[in-house]
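Here is how the chains run, residue by residue.
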Amino acid sequence: MVEATEKETMDDLTFKSDTVLSDVHLYRPNKRHLMVRLNAAGQPVFLSHFKLLWNTYNWVSEKNAKEATTEKEQQYKHRGELCDEDKNNPKNERELNIKGLEALLDDDGDLEVVRRPQDASDLEEKDLLRDRVCPVILVREEDDAFEDEEQEHTCSDVIKIEHTMATPLEDVGKQVWRGAFLLADYILSKWDIFRCCTVLELGGGTGITSIIMGTVAKRVYCTDVGEDLLAMCERNVALNKHLIEQGSNEIKVKELDWMQADFCTDPEAPYRWSEAEIADLHDHCTVVMAADVFYDDDLTDALFRTLYRITHNLKNSCAVYLSIEKRLNFTLRHMDVTCEAYNHFRNTLNDLENLQDGKMKYTVEPIKLDFCQFLIYERTEQL
């Protein structure tokens, strides 16, 4: 929703956006999003299931399963094998597309288009090839809201996430964004480099990237600000505890305000840090990540200040993984389409790389987007 506000002259015409829509509906157009409750701010909260795609392939043979030390290692091993196979056989996708197209042709070679009947009252909904695109409001809150869909696959390939679909700009962390899925894909593709690590996520939002990281890392500190958002994140971690190895892997939801110089240790704060947790982070953290959090210049500056402060106090060197989507906007100031938030991010990143204080050295390297895609979303060229 965009509202135009006219001031004294047309030269001062500005546009104010008061509602930000989630990316979820863009890559799940034919799935139902079930509204389960209202949060403390009165916003509708939806529960969505995101399926990990590796179990759609028959990767694990009995022979290879015996060779793997654990079931999880075997899963990750075969993900990599499939990725390599796809790269070495570019004809696979074309052959599948051709076979799929042939299946839709009639005897004369004409394309058969299946249309929804005008009156479907006498048909079962499961017989229709298209789902109805609408939210379904539940009478009560249940973790197994997608019970029918749950029966189609095992728990190990489904992530359940509570999120909102539309919020003001200050609450965008309650939504799910493509940048989080992109970083999650990278974690799943390069799982071996994150194994047994201690990881810090800045701006974790709904927690989906930390949950994916929690399947391989020893400990993940998923951080953000706002009690309502952190409660949602903590609930999502609980909804997906079956994906995390109990006793060996751990996800901790903590408050970390980029505008503050210190960790939150207030005894009355529900997501405070203990002295032991701060010491553990400083002594063992080797990975820091942030997904799609660069949309406001002031917040970008604050994040980089926080990033510098934390990495400066780490005992070990670390790798920082940042994902961002270049969002195009038309501005009256430039009379052109620009990516101002992305440009500010790049400038700040360059400043960090060129920093010479005798204490820290940062090296920036882009990552090619040629790794496998395990989640359903549109991997656009702006990612």
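Parameters at a glance
Residues numbered from 1 in each chain as written. Predicted model: local features only at pLDDT ≥ 70, side-chain atom pairs only at ≥ 80, totals over all residues. Heavy atoms only, no water. Pairing = 2+ DSSP bridges. Helix = DSSP H or I, 4+ residues; strand = E, 2+ residues; numbered from the N terminus. Axes fitted to C-alpha atoms, helices over the stretch in contact; angles between N-to-C directions. Phe/Tyr/Trp six-rings, centres within 6.5 Å; stacked < 30°, edge-to-face > 60°. Buried < 20%, exposed > 50% of the residue type's maximum accessible area, 1.4 Å probe, protein only. Expected span 1.5 Å × (residues − 1). Core = buried A, V, L, I, M, F, W, Y, C linked by side-chain atoms within 4.5 Å. Contact = heavy atoms within 4.5 Å. Parallel < 35°, antiparallel > 145°, perpendicular 65-115°, else oblique. Left-handed = near helix turned anticlockwise from the far one by under 90°. Nonpolar A, V, L, I, M, F, W, Y, C, P; charged D, E, K, R; others polar. 1 Å grid on protein atoms, 1.4 Å probe; cavity = no way out; pocket = protein on both sides within 12 Å on 5 of 7 lines; lining within 4 Å. Points joined across faces, edges and corners; volume = space filled by probe spheres on them.

Caption draft 1: Looking closely at the pairing of strand β11 (residues 250-255). Relative to β11, strand β10 (residues 219-224) runs parallel, the two being bridged by six bridges. Opposite Y221, over in β11, you have K252 as the bridge partner.

Caption draft 2: View of the sheet that holds β10. Spatial ordering of the open sheet is given by β11-β10-β9-β12-β13, a layout of five strands whose pairing is parallel. In this open sheet, the two strands that pair with only one neighbour each are β11 and β13 (319-323). Adjacent strand axes in the sheet meet at a mean angle of 20°, parallel and antiparallel pairs treated alike. Relative to strand β12 (residues 285-291), strand β9 (residues 198-201) runs parallel, the two sharing four bridges. From the neighbouring strand, T198 faces β12, where its bridge partner is C285.

Caption draft 3: Structural context of the packing of aromatic side chains. Under the counting rule described, the total for this entry stands at 13 aromatic pairs. With 6.0 Å between their ring centres and 35° between their planes, F294 and F304 make a pair best called tilted. You can see F294 sitting in the loop between β12 and α11 (297-313) and its partner F304 sitting in helix α11, a full ten residues away along the chain. Overall, the relative accessible area of 2% leaves F294 in the buried class. Geometrically, the ring pair formed by F294 and F345 is tilted, given 4.4 Å between the ring centres and 45° between the ring planes. Of this pair, F294 sits in the loop between β12 and α11 while F345 sits in helix α12 (residues 340-353), and the two are 51 residues apart along the sequence. Taken as a pair, F294 and F345 share a single burial class, namely buried.

Caption draft 4: Looking closely at helix α9 (residues 227-239). Here α9 contains 13 residues, and its C-alpha end-to-end distance of 18 Å stays within 8% of the 18 Å for a straight helix at 1.5 Å per residue. Looking at α9, one finds that the buried residues are L229, L230, M232, C233, N236, V237 and L239.

Caption draft 5: How the structure looks around the nonpolar core. In terms of nonpolar packing, the biggest core is built from 48 residues, with I187, F194, V199 and M213 touching the most fellow members. At eight residues, the largest contribution of residues to this core is made by helix α6 (residues 178-189). Counting residues in each nonpolar core, the second largest holds 25 residues, with L256, F294, I310 and Y362 among its members.

Caption draft 6: Region of interest: the environment of T265. Tracing the chain through its elements places T265 in the loop between β11 and α10 (275-284). Residues T265 and E255, ten residues apart in the sequence, show an inter-C-alpha distance of 9.3 Å. Here T265 is in contact with R272, W273, E275 and I278, once residues within four sequence places are set aside.

Caption draft 7: Representation of the packing of α11 against α12. In the contact formed by α11 and α12, the axes pass within 10 Å of each other and the chain directions differ by 25°. Relative to α12, the element α11 lies roughly parallel. For the pair α11 and α12, the sense of crossing is right-handed. Mapping the contact onto sequence places D297, T300, D301, F304 and L307 in α11 and E340, A341, H344, F345, T348, L349 and L352 in α12. Its residues assigned to classes, the contact of α11 with α12 shows six nonpolar, three polar and three charged.

Caption draft 8: Examining the layout of surface pockets more closely. Size it by volume and the second largest pocket reaches roughly 1,100 Å³. Lining the second largest pocket are 34 residues, with V320, Y321, L322, V364 and E365 sitting closest to its centre. For the lining of the second largest pocket, the secondary-structure elements that each account for two or more residues are α6, α11, β13 and α12. Looking at the lining of the second largest pocket residue by residue, the class counts come to 23 nonpolar, six polar and five charged.

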